[in-house]
Amino acid sequence: MSDARTVELQLLQGFVLSVGRRPVCLISSAQRVLAFLALQERQVARGQIAALLWPEATASRAHASLRSAIWRAQRECDRLIHVNSDTLALSREVMVDVRVAASQAHRILAGGPVDRRVSTRLHLSVDLLPDWYDDWVVVEREQYHQLRLHALEALCERLTSAGRIGEAVDVGLDAIRAEPLRESAHRVLIEAHLAGGNRWEALRQFQRCKALLAEELGLEPSAALVRLVRQTGARVALHSSFSAARQDSRKARTASAAVSTSLK
């Protein structure tokens, strides 16, 4: 398909529809119809869409709003929606970024080849329609959020095993940015630092994780994570603060060598 006919729908980070690389503006109702169809990947009954997208309206009013949204979308590009008498589906011609991202994530989790394109990491580093708060969007966003977190952690582990430490660290940081209180994300990053021989980085990441868990949840790191950090060969001060972990490297190295009995 040539660029002049390419239809792309971006749902990661926000809604953007492009036809032939040209952005197309749609009203909110038309955007929501397209986004809903893109996330279903199947034909959906008109009544179901109308009731879900216009829950406060009467059935007749909701169907009228749906017809109006379809007409407005098709007016901008007649290749967006496959329309039947009772069902709707997104046209197969439309390329949807979240579908590509989900496919990449499942491939990573299944142990398939790692795509080295920058777009793979970018897709897994952002959430679905972050500024939309419809109930159905919240559910879809959380589902994709969990998928991408698992994929980022798995990708970090695989890159570490392959000796691609720099890439592994970047991906591990992406996972932590996505969910700072997720201990498994900190764990894979610590493992990447250890594999690269960067024991101080591993210890500092543990201290950051410990401080976040204590401040936000009142929890301590798991015993498994503590055992992993013991591989640094340093005595870990469980009562060191997050701010202490950010001191200059000379002072921090001295602190990490101090004797502590909290892990004995």
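The model shown is predicted, which means the values in this text are computed figures rather than measured ones. (Residues numbered from 1 in each chain as written. Predicted model: local features only at pLDDT ≥ 70, side-chain atom pairs only at ≥ 80, totals over all residues. Heavy atoms only, no water.)

Caption draft 1: Highlighting helix α7 (residues 165–178). If you check α7, its first and last C-alpha atoms are 20 Å apart, about what 14 residues at 1.5 Å a residue would give, namely 20 Å. Within α7, burial applies to I165, A168, V169, V171, G172, D174, A175, I176 and A178. (Helix = DSSP H or I, 4+ residues; strand = E, 2+ residues; numbered from the N terminus. Expected span 1.5 Å × (residues − 1). Buried < 20%, exposed > 50% of the residue type's maximum accessible area, 1.4 Å probe, protein only.)

Caption draft 2: Focus on the sheet that holds strand β7 (residues 94–96). Taken together, 4 strands build an open sheet; the order of strands is β3-β2-β1-β7 and the sheet is mixed. The outermost strands of the open sheet, each flanked by one partner alone, are β3 (22–24) and β7. Neighbour-to-neighbour, the strand axes of this sheet turn through a mean angle of 30 degrees, independent of strand direction. Relative to β7, strand β1 (residues 7–10) runs parallel, the two sharing 3 bridges. Directly across from V7, in β7, lies its bridge partner V94. Its contacts with the sheet place helix α4 (residues 97–109) against β1 and β7, and it is angled at close to 50 degrees to β7. (Pairing = 2+ DSSP bridges. Axes fitted to C-alpha atoms, helices over the stretch in contact; angles between N-to-C directions. Contact = heavy atoms within 4.5 Å.)

Caption draft 3: Examining the packing of aromatic side chains more closely. Under the defined criterion, the tally for this structure stands at 2 aromatic pairs. Aromatic side chains F15 and W132 sit 6.1 Å apart centroid to centroid with 15 degrees between the ring planes, which places their arrangement in the stacked category. Pair noted here: F15 is in the loop between β1 and β2 (16–19) and W132 is in the loop between α5 (118–124) and α6 (135–161), with a separation of 117 residues, a long-range link. Comparing F15 with W132, the two get one shared label, buried. Look at F36 and W136: their rings are 5.4 Å apart centre to centre, the planes differ by 85 degrees, and that puts the pair in the edge-to-face class. Residue F36 is found in helix α1 (residues 28–40), and its partner W136 is found in helix α6; the two are separated by 100 residues along the sequence. One exposure class covers both F36 and W136, and it is buried. Above the plane of the ring of W132 lies R32, whose end atom (NZ or CZ) is 4.1 Å from the centre. (Phe/Tyr/Trp six-rings, centres within 6.5 Å; stacked < 30°, edge-to-face > 60°. Lys NZ or Arg CZ within 6 Å of the ring centre and 35° of its normal.)

Caption draft 4: Just unusual backbone geometry, in detail. Even without being glycine, R21 reaches a positive phi, approximately 70 degrees. As for its placement among the helices and strands, R21 is situated in the loop between β2 and β3. On the basis of relative accessible area, R21 is assigned to the exposed category, the value being 53%. Unlike most non-glycine residues, E41 shows phi in positive territory, near 55 degrees.

Caption draft 5: The pattern of salt bridges, seen in detail. Scanning all chains against the criterion turns up 13 salt bridges. Close ionic contact of E191 with R187 constitutes a salt bridge, the shortest N to O distance being 3.3 Å. One end of the pair, E191, and the other, R187, are both in helix α8 (residues 183–195), 4 residues apart, so they sit about a helical turn from each other. Residue classification places R187 among the partly exposed positions, given a relative accessible area of 28%. Where R204 meets E201, a salt bridge forms, and the shortest distance between an N and an O atom there is 2.7 Å. (Salt bridge = Lys/Arg side-chain N within 4 Å of Asp/Glu carboxyl O.)

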